[in-house]
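Topology and contacts: notes
So the chains spell out like this:
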Amino acid sequence: MFSLPLPAHVPHGGNLTEAAARYGIAREDWIDLSTGINPHGYPAVQIDPQVWIRLPDDNDDLEAIAAAHYGASRALAVAGTQAAIRMLPAVLPPGRVGVGLLTYGEYAPAFERAGFPVARFVTSALTDFERAASFVLDPARELPADLKHLILVNPNNPGTERYSPQQIMAWGEQLAARGGTLVVDEAFGESMPDLSVANLANRDGLIVLRSIGKFYGLAGARVGFVLANDSIDEAMRAMRGPWSVSGPARVVARAALLDTEWQTRTRAELIASGARLANLLRPYHPNVMSTPLFSWVRTEHAPRWQDGLARLGIWVRRFDVVPGIRFGLPATETEWGRLESALSAVGKEVQG
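A brief structural summary. Not measured: the values here are computed from a predicted model.

Describing the overall build of the chain
Secondary structure assignment for the chain yields 11 helices and 14 strands. In terms of overall dimensions, the chain is globule-like: its C-alpha atoms have a radius of gyration of 20 Å, near the 20 Å expected for 352 residues. On the principal axes, the C-alpha backbone points of the chain span a range of 60 × 55 × 35 Å. Long-range contacts, defined here as pairs at least 24 residues apart, represent 70% of the contacts in the chain between residues at least 6 apart. Here the chain has roughly 15200 Å² of accessible surface; of this, 52% comes from carbon and sulfur atoms.

Some details on the pairing of strand 14 (residues 324-328)
In terms of burial, strand 14 is a largely internal element, 5 of the 5 residues being buried. Side chains G324, R326 and G328 project from strand 14 onto one buried face, and the interleaved I325 and F327 project onto a second face that is buried too. Where strand 11 (residues 294-298) meets strand 14, 5 bridges bridge the pair, whose relative direction is antiparallel. Within the sheet, the bridge partner assigned to W296 lies in strand 14 and is R326. Note: strand 13 (residues 317-319) against strand 14, 3 bridges, orientation antiparallel.

Description of empty space enclosed by the protein
Taken as a whole and judged by the stated rule, the model has 1 cavity of 30 Å³ or more. Estimated volume of the largest cavity: approximately 100 Å³. G100, L102, F121, T123 and N156 are the residues nearest the centre of the largest cavity, which is lined by 14 residues in total. Every element with two or more residues in the lining of the largest cavity is listed here: strand 4 (118-123) and strand 6 (147-153). By residue class, the composition of the lining of the largest cavity is 9 nonpolar, 4 polar and 1 charged.

Quick word on the packing of helix 9 (residues 260-281) against helix 11 (residues 333-351)
Two elements in contact, helix 9 and helix 11, have axes whose closest approach is 10 Å; the angle formed by their N-to-C orientations is 20°. As the angle between them shows, helix 9 and helix 11 are arranged roughly parallel. In the packing of helix 9 onto helix 11, the handedness of the crossing is right-handed. Here S273, R276, L277, L280 and L281 of helix 9 lie close against helix 11, whose contacting residues are E333, W336, L339, E340 and L343. For the contact of helix 9 with helix 11, a count of residues per class yields 6 nonpolar, 1 polar and 3 charged.

Quick look at the pattern of salt bridges
All told, the structure shown has 19 salt bridges when counted by the stated rule. Residue E63 is joined to R237 by a salt bridge in which the shortest nitrogen-to-oxygen separation is 3.0 Å. Pair noted here: E63 is in helix 3 (residues 62-70) and R237 is in helix 7 (residues 230-240), with a separation of 174 residues, a long-range link. Of the charged contacts, one joins R96 and D146 as a salt bridge, the two residues approaching to 2.9 Å between their closest N and O atoms. Note that R96 is positioned in strand 3 (residues 96-100) and D146 in the loop between strand 5 (135-137) and strand 6, a separation of 50 residues in sequence. Look at D146 and you get partly exposed, because its relative accessible area is 46%.

Some points on the environment of E130
Among the structural elements, E130 can be located in the loop between strand 4 and strand 5. Overall, E130 belongs to the partly exposed group, its relative accessible area being 34%. Along the sequence, E130 and L101 sit 29 residues apart, while their C-alpha atoms lie 9.5 Å from each other. If sequence neighbours within four positions are ignored, E130 has contacts with V122, V136 and R141.

Considering the packing of aromatic side chains
Overall, the coordinates contain 15 aromatic pairs when judged by the stated rule. Judged by centre distance (5.4 Å) and plane angle (40°), the ring pair of F121 and F135 falls under tilted. Taken together, the residues span a long stretch of sequence, with F121 in strand 4 and F135 in strand 5 at a distance of 14 residues. Of the two residues, F121 and F135, neither departs from the other in class, the shared state being buried.

Observations concerning the layout of surface pockets
Its volume calculated, the second largest pocket comes out at about 300 Å³. What lines the second largest pocket is a set of 20 residues, and nearest its centre among them are N287, M289, W296, V297 and R298. Elements with a contribution of two residues or more to the lining of the second largest pocket: strand 11 and helix 11.

Structural notes on unusual backbone geometry
With omega at -5°, the peptide bond leading from N154 into P155 counts as cis. Tracing the chain through its elements places P155 in the loop between strand 6 and helix 6 (165-177). Cis geometry marks the peptide bond from N157 to P158, where omega comes out at 10°. Relative to the assigned elements, P158 resides in the loop between strand 6 and helix 6. Of note in this structure, T160 is not a glycine but carries a positive phi near 75°. Its place among the elements puts T160 in the loop between strand 6 and helix 6. Judged by relative accessible area, T160 falls into the buried class, the value being 1%. Even without a glycine there, the phi angle at R222 is positive, about 55°. Structurally, R222 can be placed in the loop between strand 8 (206-211) and strand 9 (224-227).

The rules we used
Residues numbered from 1 in each chain as written. Predicted model: local features only at pLDDT ≥ 70, side-chain atom pairs only at ≥ 80, totals over all residues. Heavy atoms only, no water. Helix = DSSP H or I, 4+ residues; strand = E, 2+ residues; numbered from the N terminus. Rg over C-alpha atoms; globule rule 2.2 N^0.38 Å. Contact = heavy atoms within 4.5 Å. Areas by Shrake-Rupley, 256 points an atom, 1.4 Å probe, with all protein chains shown as cover. Buried < 20%, exposed > 50% of the residue type's maximum accessible area, 1.4 Å probe, protein only. Pairing = 2+ DSSP bridges. 1 Å grid on protein atoms, 1.4 Å probe; cavity = no way out; pocket = protein on both sides within 12 Å on 5 of 7 lines; lining within 4 Å. Points joined across faces, edges and corners; volume = space filled by probe spheres on them. Nonpolar A, V, L, I, M, F, W, Y, C, P; charged D, E, K, R; others polar. Axes fitted to C-alpha atoms, helices over the stretch in contact; angles between N-to-C directions. Parallel < 35°, antiparallel > 145°, perpendicular 65-115°, else oblique. Left-handed = near helix turned anticlockwise from the far one by under 90°. Salt bridge = Lys/Arg side-chain N within 4 Å of Asp/Glu carboxyl O. Phe/Tyr/Trp six-rings, centres within 6.5 Å; stacked < 30°, edge-to-face > 60°.

Spelled out as C-alpha cells, the structure:
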C-alpha cells in the first residue's frame, strides 16, 4: 500500500501573492482561476456600524435561517468549513478513516494528527491509481470491513465525482451499523442541490458540512455550518466556543441565505458558465470533468500548463498526487478572451 507523507503545509488555490512574486507580474494584472469560488459573489450588504462595535450575537437567528435553508433540524455556525474539519477528530470515536486520494487536502492531516489511521481511496474514475490507495470507493463494491468513518466530498473537489443521495445513505447505513460516521462535505453543493443529503443530517452516523464561500462568493467571510444530530451538535458547539463567526460575517451570511431570488438566478448562471468553461477547455483536454464552479482536467503536462498560463498572467491550481489542473470561472468577457488566447498559445507549446 502506498503511503503519502503528512504535509507540513497543505497547498490551496488563491495564493496569488506567491504567484505574483514568482513570475514578476503585478498582482492586479493576474486572472485568478485557482479557486472554485463564484467570481460574481453575493453583493455587499449595508452593515450597521454598531455591528462592528458589538460582540457577535451567537443567539441571533443565523443558525435557524441556515437550518431552514438546508432543510436540516439544526445548524452550527463555524468560522468556515476548515474550523469544523479541525474539530471532527475530537467528536468521532477512534477508527480507520477513508479519505479520497484526490480530494480537499485538509481532511487527511487533521485525522492523522489526531492519531486516526487514514485509508486513502480512489473512485472508479481513478482506478489506474488504485496501487496508490487502500481501496476503491465504488457502489458495486462493499466498504472495507475495518473502515469506521468515511469522508465524502460531494461533488468532489477537484475530481468532480458526484454521488446520489441514495448511494450516500447506503454507505452511511453501513458505517452507522459499525458505530461509525459518514461525513459529507457539500462545499460546492449549493450549485448542485439534487446531490444534497443535508435534510437527513439529523440521523445518527451522518454529518454534513456546508459553506457560503464557493457558491455565494463569500469565502472571505469565513462562514460554514455543521449539520448533525443533537449529540454531535452539542459536542462541537462546546468546542467552538463563543464569537466564532464575526458580527459582520453573520449579517452577510444571513442576507445571502434568505435571498432565494438571487440563489435561483445565480444557479442558472453558474451552470451556463461551467458548461462554457468546459467547452473552452475540450480542444486541449478532451476528458474535461466539470461542475458549475470549476473544471478539472487530468494531464501529465500539468506543470507545463500551469507555468505556461502563469507566464501569461493566468493562475490555475495544479495537483500532483493525480496530475491535473483545476480551472475556476473567469469573471468578465475580457478574462474569458484572455483565457481563450492563453490556452491556444500554451496548447501549441505543450503539443509542439
